[in-house]
Each structure stands twice: as C-alpha cells, then as structure tokens.
Amino acid sequence: MVTITDVAQAAGVSKNTVSRYLNQRGYISDKTRAAIQAAIDELHYQPNQIARSLYTHKTNLIGLVIPDVEHPFFSAITAQIEDELDARGYKMILCNTLHSSKKERKYLDLLIANKVDGIIIGSHSIDINYSDIDAPIVALDRNLSEDIPVVAADHAKGGEIAADAFIEHGCHKVIQLVSSGYVKTPSSKRHEVFTKRMCEAGVTCIVQELQLNQFEFQTYLKTADEILDSYPGLDGVFSADPVTAAIQRQALARGMRIPDDIFMFGYDGTFLAEAVFPPLPTVAQPYDQIAKTVVDVLMKKINGEKLEKMSYIIPISGRNMTAVSN
C-alpha cells in the first residue's frame, strides 16, 4: 500500500509538504506542486479520506436526494450535477427515494451520519421539515422553506413559449397535465402562465393534476386513456415529456394523426422527446446551467458565504421545434 511517505520520497519533499499540498494549506511553489502530483500519479496514491476529513473538517461528499432516477428530468439533471461536483473535487451520494418519505428520512439520516458537506434536495416529499437538518442545503426546483435557497429554470417563460406554440398551431381545446398541487415547486409558474395565455387567446384550457409522486410510465398510459375517453374534441396536449409521450402513444394507437388531429407539446427537453415518433416539440430546460448554479450556491453555503438572494431563476432560451411534424 502506497503511503504519504512514499509520495514524499518520490517527489523529493517532506511528508509535511505533501500533507499541505493534499489539504490545500499554505504556500507551495508550482514546481513543488507539479513534483508532488507527478509522484501521486506515478504511484497511484489514494489519500486516507477519513484522516483527511478529520484534519480539514470536510468529507468532500455531497448528497443528492431525488424521487426517481429513472424519470428523464431527474436522470438528466443528476448527470450534470455529478459532473459539476466532480470538477470541483467532490463526490456525490445519490439518494433515490422512490417517492417514499420514510426512505428519504433514512437517507437524510445516513447523509448526516456520514457528515456530508452539503445536500441538494429535489425530492417531492411533503411531510419533512428540511429546516431542521443540520447541513447546508440547496433546493432543486422545490420550494422547501424560506431559509433554503432554490434553483429552477424560468418556468414562467417556459409556459409562455409552450402557449405560443399551441396558439400558432391553431388549437381550440387543450389539456394541460400538471404535477400534484401538494408539492410546492417553481414549475407551477409555467402552468399558471400557460393557462392565462390560453384563456386570453380564447382557447379552452383544461387543467388536470397528476397523482402525488406519479412518475411511472405505465401510470401515464392509464392517465392517457382516461383523458382521451373523457375529452372528445381535444386537439392539444401539454405536459412534461414522459406524460406527453404516453398520451401520444395512446392517441396513435387509436388512429389519431399527430399533429393534425391532436398537437402534442412536451416540457423538459429530455432524450425522450427525440426517442418517440413523431418526435415531440418541447421546451428544453438548461440542465448545465441549473447544475452549475445549484453547485455554486451550495459551495457558498458550505463556505459560510452570504447569499445575495434565495431564489435563482435560470433563463430558458427557447423551444426545440426540430421535432415538429408538418
């Protein structure tokens, strides 16, 4: 097993100098830094993380709590957050709660017990007091409490972009499927804006809530059949990519033409929008910028810096219309 002494000998420096390099403390010349890093690479040295955390009071571990990693939005943002953390020398502990508050509480206890440096929470639990958690927290597209900063896309702009697409297409009777009202999330703004613009344009807009923590595709297929049976004359559907894709699938199975008979429009801009046929036009969320901002804000909280605000809204530039069939 390679030790810090081996690294020091290979680099031609003292153990104390290697320790200061590893813990980023004190001045070390660029030449010495290069020599130490070369020795670490050559010997494949792995620092003792437990000892290092005792010295620095940091574990370089971040917890990410989400409801369902199989959901395209959460899988996409998870990948971006993991990359962003890795670039800053942090490792991520993924906590997939499978929409269970009990499971989430166990994960939160585990994260605190392992003394993670911070936690990013995007779960949809509604009965947990996150303000009581003794760790820096940033909310991902969730309104958890007034003292926890939240990062989200500009959903108001997203709702406006989607509404314009239905108006341009000439729709008359549109349904919008929204997440459960029990979950307080900035994404509700897109639904408000979308409904308002539909009404202003004289388009009938039906709003239907999904069940709390409804993420499985099979449940979306059931919901799709219920909608197509309940609302004859429907000529437009707006929801998150997986929900819209499920309704499109069932509409096609009934012999409906897309988009001639019914116009489908998604939200999130996940791979699913391109995977289905016809591909879905969709509002793409800026995953890279959301991830960067979430990590930036969390790092400030970890370092004890004062936040300039508690809500960070990431601009949405437009919609992906390459998927529209004519």
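For clarity, every value in this text was computed on a predicted model and none was experimentally measured. Residue indices follow the written sequence of each chain, beginning from 1 at its first position. For a predicted model such as this one, the threshold for reporting local features is a pLDDT of at least 70, and the threshold for listing and counting side-chain atom pairs is 80 or more; totals across whole chains, interfaces and linings nevertheless cover every residue. Side-chain descriptors were evaluated using all non-hydrogen atoms of the structure, hydrogens and water having been removed beforehand.

## Overview of the packing of helix α9 (residues 217–230) against helix α10 (residues 241–253)
The packing of two helices is summarised by the inter-axis angle and the distance between the axes. The test is simple: Each axis is a line fitted through C-alpha atoms, and for a helix only the stretch in contact is used; angles between axes span 0 to 180 degrees, taken between their N-to-C directions. Here a strand is any run of E in DSSP of at least two residues, a helix any run of H or I of at least four, and the numbering for each starts at the N terminus. For this classification, under 35 degrees means roughly parallel, over 145 means roughly antiparallel, 65 to 115 means roughly perpendicular, and everything else is oblique. By definition, turning the near helix anticlockwise from the far helix through less than a right angle yields a left-handed crossing, and turning it clockwise yields a right-handed one. It only takes one pair of heavy atoms within 4.5 Å for two residues to be counted as in contact. Throughout this entry, Asp, Glu, Lys and Arg are counted as charged residues, while Ala, Val, Leu, Ile, Met, Phe, Trp, Tyr, Cys and Pro are counted as nonpolar. The remaining residues, Gly among them, count as polar.
Remark: α9 packs on α10, axes separated minimally by 8 Å, with the N-to-C direction vectors making an angle of 55°. One way to sum up the angle between α9 and α10 is to call them oblique. For α9 against α10, the interelement crossing comes out right-handed. Seen from α9, the contacting residues are Phe 217, Tyr 220, Leu 221, Ala 224, Asp 225, Ile 227 and Leu 228; seen from α10, they are Pro 242, Val 243, Ala 245, Ala 246, Ile 247, Arg 249, Gln 250 and Ala 251. Residues of the contact of α9 with α10, tallied by class, amount to 12 nonpolar, 1 polar and 2 charged.

## Some details on unusual backbone geometry
Comment: phi is negative for the bulk of residues other than glycine, and the bulk of peptide bonds are trans. Omega for the bond connecting Ile 258 with Pro 259 falls within 30 degrees of zero, at 5°, which places this linkage in the cis form. When you line up the elements, Pro 259 lands in the loop between α10 and β9 (263–268). Residue His 44 is not a glycine yet carries a positive backbone phi of 55°. With respect to the helices and strands, His 44 occurs in the loop between α3 (30–43) and α4 (49–56). Backbone geometry at Asn 60 places phi at a positive 55°, although glycine is not the residue there. Note on placement: Asn 60 falls in the loop between α4 and β1 (61–66).

## What to know about the environment of Ala 10
Note that Ala 10 resides in helix α1 (residues 4–11). As a C-alpha pair, Ala 10 and Leu 43 span 33 residues in sequence and 8.6 Å in three-dimensional space. Setting aside residues no more than four positions away along its own chain, Ala 10 makes contact with Ala 39 and Leu 43.

All quantities given are derived from atomic positions and should not be read as evidence of function.
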